[in-house]
There are 2 protein chains.
Amino acid sequence: MNKFSHLFEPRSIAVVGVSDDVARPGSQVVRALLKNGYRGKIFPVNPKYEQFDGLKCYGSVADIEEDVDLVVVGVPAKGVLPVLEVAAEKRVPFALILSGGFRESGPEGVERERRMLEIARGSGMRIVGPNCLGFANLHANVYAAFGSITREPKLKPGTVSLVTQSGGFGYSIALACEAAGIGFRHVIATGNESDIDTVQLIDALLDDDQTKIILAYIEGTRDGRALLDVGQRAMARGKPLLLWKAGVTEQGARAAASHTASMTSSYDYYSAAFKQSGIVEIREIDQAVDYLKALEGGKYPAGGGVAVMGVSGGSAIVFADAGEPAGLSLCELTEKTQDALQGVIPNIGAVHNPIDLTAGYFSAGNRANLETAVRATLDDPNVHAVCVNIATTGKAGSIVAAEVLGEIARSTEKPIVVFSSAPASQIGEALTVFAKANIPVLPSPSRAAGALATLANYRQARARVERAAAAAASQSATAPRDVFPRNAEGALSEAEAKAILAAAGIPVSNDVIVSDVEDAAVFDKMTAPLVVKIVSPDIAHKTEVGGVKVGIRTRAELAAAIAEVLDNARQKAPSARISGVLVTEMIQGGFELIAGVVNDEVFGPVVAVGAGGIYAELLGDTTCRLAPFDEVTAREMLDELKCRRILDGVRGKPALDVDAAARALAALSRFAWEARDQVGEVDINPVFVLPHGVVAADAVIIPKARPASQPVSGEQ
Amino acid sequence: MNKFSHLFEPRSIAVVGVSDDVARPGSQVVRALLKNGYRGKIFPVNPKYEQFDGLKCYGSVADIEEDVDLVVVGVPAKGVLPVLEVAAEKRVPFALILSGGFRESGPEGVERERRMLEIARGSGMRIVGPNCLGFANLHANVYAAFGSITREPKLKPGTVSLVTQSGGFGYSIALACEAAGIGFRHVIATGNESDIDTVQLIDALLDDDQTKIILAYIEGTRDGRALLDVGQRAMARGKPLLLWKAGVTEQGARAAASHTASMTSSYDYYSAAFKQSGIVEIREIDQAVDYLKALEGGKYPAGGGVAVMGVSGGSAIVFADAGEPAGLSLCELTEKTQDALQGVIPNIGAVHNPIDLTAGYFSAGNRANLETAVRATLDDPNVHAVCVNIATTGKAGSIVAAEVLGEIARSTEKPIVVFSSAPASQIGEALTVFAKANIPVLPSPSRAAGALATLANYRQARARVERAAAAAASQSATAPRDVFPRNAEGALSEAEAKAILAAAGIPVSNDVIVSDVEDAAVFDKMTAPLVVKIVSPDIAHKTEVGGVKVGIRTRAELAAAIAEVLDNARQKAPSARISGVLVTEMIQGGFELIAGVVNDEVFGPVVAVGAGGIYAELLGDTTCRLAPFDEVTAREMLDELKCRRILDGVRGKPALDVDAAARALAALSRFAWEARDQVGEVDINPVFVLPHGVVAADAVIIPKARPASQPVSGEQ
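**A closer look at the confidence of the model for chain A**
Detailed reading of the predicted coordinates is not advisable wherever pLDDT falls low. All names here are of chain A. The share of residues in chain A with pLDDT of 70 or more is 96%, and the mean pLDDT across the chain is 92. Low confidence marks residues 706-716, where pLDDT is under 50. Its contacts with residues over four positions away, or in another chain, come to 26 contacts. For this predicted complex, the interface score ipTM comes out at 0.93, alongside a pTM of 0.93.

Below, the structure written as structure tokens:
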């Protein structure tokens, strides 16, 4: 656990704020340490007492004769800073601040939190909290915590570590896991995360050999790139990282802002980071339980082909319903498999998928048949995983199923999941056998499907992330570079923006800027029909001032159009500075996309792409990724769009150049990354995907320093 | 229980197929009846025995001296028909056939099932099954069942009745309910439903005073209209009907077809029936449990405003996230409420929504404050329901919460739900208090949101269904009528279809059919631009033969276009019969919808509407309702579409005539209903919604007798 080892396995702990009131956090911490058999030294601190629970009680941290690895602070907010000053003086390396009354509680708390960090930084002391429940290290009996973490039921030791911003809710997840038999190693509630945050803790846990899976609940992070990195590192280490990001809706985000006062950012960016790192997102307590159970097995199906077998036809249908949208299919079984099944399943059963074993199949007399049936099914090359529905099967039958499947599981790399609805009180013995064999037992067929889908997705994500991370690594190393003209002020003009994007490798339309009707001679060098647009830093909505004319087919029409837009602009926007008139070729055919960059405070440059046009806007058909990324990732983005099929050509129209679109997106992402110090926002709207190539038809670039409320959407 | 009372409370039961083999269904039935204290007479039947379990055993049903209300048949499939013949002869009114080997098992079984029904109908005997687990009537100790229904744990008596096509899976739902403390009245597994089906049983249960809520699992129904009716009747009786329709995906439907060989139909039609009847759809076992718990309370919030209060900020955020898409909002609290809360919540808490009561709030010393806080919140006019997050609160605190909330619940009509994550083993006493007060306790904040949303939706559905049912009642009474020309053959031509639809009250475009260039004189009576299309019963795709010309602006252009499409058709489709050329006004502006009718085998005439154009097709932006329906329902359909906002006018475009669109849809639904004996399918594609009115620009009507594989999509 590297730099945090003395935090999580402290040799000595001072607890400030013990009292006769058992409800006080400090008192709870000392009692939890004693009760759980913490083997280091405990120094209770309260000037009013000589002794506390049989331990010598100190007047101040300064009075403690020995070194202190961790000071736990449970005094009311107003008393926290003096305690920290003393601890800093004593060079205590870590402080855990349980008290609330900081950033989350108004201006006074904000100032208190600022001072707190100042004190800590002065001495190099690192802080967990404030406003948190503390942490427990189950293998070393460190219970530096109060409240639910210290109460019954005590969590079982295991290989899952939990990091949670919200102690109360995070521990609710832990309790559900505990009830399902999942054991824990570290449980850490981080509260305000003023100093040490979830991402840093996950990073440390990746180096803990005994932590095999990490579960986290966050309301926000202040460094989206660090989240991406730690997710990719977790994937590289083969340790699944399950993450619940709360505050994903508008009202959820509002509630989060008032809770731990976390930095929030668009959920879309989190979602992109999850995709780019293989973080397994969870949105429900049951998902945490189910996915952990499944991931603990460590077997990942090579594809989505599932054989469903069991004694309940209805359960198989429900599995099929839930599996389809999750990418699982009830695969065809080979003739060989069906022949083998024929020999061991009664005639009124079914040897196609779903396999109907018939009622009462799980019985002692049927052990050999069951084994043959399951092995034959697993041997089928179309089958990547098996779901066995034992459904309401009772005690004796469940044990038969558990023993047979447990034995088979030892010699297959294909995952097996089980649906059982019998009460745990009845089939406890079977559940123990299943658990030993790492076969997850789920309480509904849909949840069995969800667990299998998670395993399949994890394997897919691993391949995707490994490839993309390798590609991005070289790109990320690129130093920021100058993209702006020195004298740029406000949003760049369409012409300037297009020139910059063209230089970055994004094809733009063939444009010429002219200043008066004489310049209509450019007509001869262009392909009609043409479009003219007024160019002015002061005119955001060109159409509204009559500054756009389309469908120009002759040189004379061009001259007239140039004159007209200049005239309109002078009349309707007399004070606007006119830089000229942009003449461009009208793009015909193809499909309109919108692409853009937002340089987010938390996630840095993010590239988005979506369907263009009015309907798409209503549907929110967009997706995004953190820049930079390669063309394969860009193609994955395009593949996510609802409009994707249109690009392949529909209703007799030609297929469009998806490769060129992916190249342009990847180029935009490189540009966004290299220009990260200068560019605040890029909008390319529309960019046309044509049968050959793509063309950005309009573009705006807004510098980073400008506030985000500038008008940004371009128009043709 | 009216006509089924002697089925579900039989005075005497003959059980055919008892044997020394305890695993035989017949043996299980007799033992279950004896064990559960059935008070009627039991007549075991097996010619091999004199006695069975201390009861006189009969050689045949014919040998039984007394009247038999119910014969339970558990012999292998081949032996079932002879038993039924004897029972029919004896005028036994009801048979329960447990045996499989019927329709679900191939051609021989299909024939067996046909004969079975023939025998039954000959004597008026009604049948449950075959291929089912049987039923239990908990208040009368009738366990006419085998397998899981007869095993431990025994269900508690209660007010929920369950009807399930799949015994194995349906009983899995029952077991989960049992574990959550929900009690049952009737549990009926129906298997193949050859005679008595789920809908008929639900109908009977609506007349059972002690059944307050009905839960059903079906894979299909053969009469969608009966499902709609029973759903509406359940709503009128104030008995929530929760229904799980399995086989909703393509692979789910395939699996269902091989299971109980049910009639399947598009899930969209089921979904329409649910909306039109207020049936509460469930898709997961946990939903059944949660919604039953909530609905048992019988309190329905007047709106979506929820106050969330508790000791876990994270839980409130998770509630907010789950509540937003479900239509629940964390409402603003009035100043009066906030003032009241200020007095009883510590300073570091929060008196806005979500209300942070602060850690440890649920404690004996704090009872009065808690009561004041909850009452003040419930008194707030913005608050329609309250969610209290006790989260990890332990035994003592949970009892305080349960007692205070339980007391308050007695004097409020606003529902209260609770989220608790403490193990039931710890807070069992509190759970009992909550249960007595009908306060549902959910194991996650998202599930608490789901339960509250179900209550809010149920109230909304009740208002909607009552209104719509009243409107539809008069329409439904309409007799079928002739809409087709006597000599109609195949799909009706565009002109014929439009004439019929116009007569039905659906505005169509201004069309004239002409036969040659001389007829270009019609130009003077029409408003350019015009469109011409070839009219031929043999040309399905007019564009492909050059049979369509658009943008005609002069009389000369019209003459040329008429000549051209006639010429093209003669050249490219020389054998096609040409009926003439349709001249129509080109519709400009507005938004394209597609509307249509499918006369479904299970559901009868169903009207669908969706966004038109290429993009909409990819997105499946459509919705449907069973015909007939009124304009309010039609408007609700339009409101469901993703494209709905476009109709209000976007990007400066004028608002479109949604009222006219609703009128046209309602007219189409009346037409579909009245023409139900003749019309198989109607496609109106496109129908333009204009700033004033709507216009059907192309239409096809296909008669009922024709197979559905005809080309149906029109084109302009």
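**A word on the side chain of Ser-19 of chain B**
Residues and elements named next belong to chain B. For Ser-19, the location among the structural elements is in the loop between β1 (12-16) and α2 (25-35). At 2.9 Å, the side chain of Ser-19 and the backbone nitrogen of Asp-21 are in polar contact. Those residues in contact with Ser-19 that lie beyond four places of it in its chain are Arg-24, Ser-27, Asn-46, Tyr-49 and Phe-52.

**Overview of the sheet that holds strand β2 (residues 41-45) of chain A**
Sheet strands line up and pair through hydrogen bonds in the backbone, either parallel or antiparallel. Residues and elements named next belong to chain A. The strand order across the open sheet formed by 5 strands is β2-β1-β5-β6-β7, and the pairing between neighbours is parallel. For this open sheet the edge positions go to β2 and β7 (126-128), each flanked by a neighbour on one side alone. Strand after strand, the sheet turns through a mean of 20° between neighbouring axes, direction not considered.

**Topic: the interface of chain B and chain A**
Residue-level contacts link 73 residues of chain B with 73 residues of chain A. Between Arg-447 of chain B and Asp-286 of chain A there is a salt bridge, and its shortest N-O distance comes to 3.2 Å. On inspection of chain B and its partner chain A, the count reaches 32 residue pairs in polar contact (both at pLDDT 80 or more). Elements with a minimum of two residues in the side of chain B that touches chain A: α5 (167-179), α8 (250-257), α10 (285-297), α11 (313-323), β16 (329-330), α16 (445-476), α19 (613-619) and α21 (644-647) of chain B. With 8 residues, α11 of chain B is the single largest residue contributor to the side of chain B that touches chain A.

**Topic: the nonpolar core**
Ranked by internal contacts, the top residues of the largest apolar core, which has 121 residues, are Leu-215 and Phe-319 of chain A. Tallying contributions element by element places helix α16 (residues 445-476) of chain A first for this core, with 9 residues. Contact partners of Leu-215 of chain A, with chain neighbours within four places excluded, come to Val-160, Ser-161, Leu-162, Val-163, Ile-173, Cys-177, Leu-242, Ile-282, Ala-288 and Leu-292 of chain A. Among the nonpolar cores identified, the runner-up in size contains 120 residues, and Ile-317 of chain A together with Ile-42, Tyr-49 and Ala-174 of chain B belong to it.

**Some words on helix α22 (residues 658-674) of chain B**
Compared with the 24 Å implied by 1.5 Å per residue over 17 residues, the 24 Å span of α22 of chain B between its first and last C-alpha is a close match. Among the 17 residues of α22 of chain B, 14 are classified as buried, and the element is accordingly described as predominantly covered.

**What to know about the pairing of strand β11 (residues 184-189) of chain B**
All names here are of chain B. Of all 6 residues making up β11, 6 are buried, and the element is well covered by its neighbours. Note: strand β8 (residues 134-137) against β11, 4 bridges, orientation antiparallel. Residue pairing for β11: Gly-134 is matched across the bridge by Ala-189. Handedness of the crossover is the feature at issue here: the chain leaves strand β10 (residues 157-164), passes through α5, returns alongside β11, and the resulting connection is right-handed.

**Topic: the side chain of Asn-389 of chain A**
Positionally, Asn-389 of chain A belongs in strand β18 (residues 385-391). Contacts of Asn-389 of chain A, omitting those with residues within four sequence positions, involve Val-308, Met-309, Gly-310, Val-311, Ser-312, Ser-315, Ala-316, Phe-362 and Phe-419 of chain A.

**Here's the deal with the pattern of salt bridges**
One pass over the full model with this rule turns up 80 salt bridges over all chains. For Asp-290 of chain B, the salt bridge is made with Arg-447 of chain B, and the minimal N-O distance between the two is 2.8 Å. Of this pair, Asp-290 of chain B sits in helix α10 while Arg-447 of chain B sits in helix α16, placing them 157 residues apart in sequence. On the accessibility criterion, Asp-290 of chain B (3% relative accessible area) is buried. Judged by relative accessible area, which is 15%, Arg-447 of chain B ranks as buried. Here Lys-498 of chain B makes a salt bridge to Asp-511 of chain B, at a shortest N to O gap of 2.7 Å. Taken as a pair, Lys-498 of chain B in helix α17 (residues 494-503) and Asp-511 of chain B in strand β21 (residues 511-514) lie far apart in primary sequence, 13 residues in all. Several salt bridges converge on common partners, so that one network encompasses Asp-286, Asp-290 and Arg-447 of chain A together with Asp-286, Asp-290 and Arg-447 of chain B.

**Quick word on unusual backbone geometry**
With the exception of glycine, most residues fall at negative phi, and the peptide bonds are largely trans. Across the junction of Ala-528 of chain B and Pro-529 of chain B, the peptide omega takes the value 0°, indicating a cis bond. Here Pro-529 of chain B is to be found in the loop between β21 and β22 (530-535). Of note, the amide linkage connecting Asn-685 of chain B to Pro-686 of chain B takes the cis form, showing an omega dihedral of 5°. Checked against the element boundaries, Pro-686 of chain B lands in strand β28 (residues 679-689). Look at Thr-358 of chain A: it is not a glycine, yet its phi comes out positive at around 80°. Summarising the element assignment, Thr-358 of chain A is placed in the loop between β17 (355-356) and α13 (367-379).

The rules we used
- Residues numbered from 1 in each chain as written.
- Chains lettered and ligands numbered in written order.
- Predicted model: local features only at pLDDT ≥ 70, side-chain atom pairs only at ≥ 80, totals over all residues.
- Heavy atoms only, no water.
- pLDDT = per-residue confidence, 0-100.
- Contact = heavy atoms within 4.5 Å.
- Helix = DSSP H or I, 4+ residues; strand = E, 2+ residues; numbered from the N terminus.
- Polar contact = N/O pair within 3.5 Å; in protein donor to acceptor, adjacent residues only side chain to side chain.
- Pairing = 2+ DSSP bridges.
- Axes fitted to C-alpha atoms, helices over the stretch in contact; angles between N-to-C directions.
- Salt bridge = Lys/Arg side-chain N within 4 Å of Asp/Glu carboxyl O.
- Core = buried A, V, L, I, M, F, W, Y, C linked by side-chain atoms within 4.5 Å.
- Buried < 20%, exposed > 50% of the residue type's maximum accessible area, 1.4 Å probe, protein only.
- Expected span 1.5 Å × (residues − 1).
- Right-handed = clockwise from strand over helix to strand, strands pointing away.

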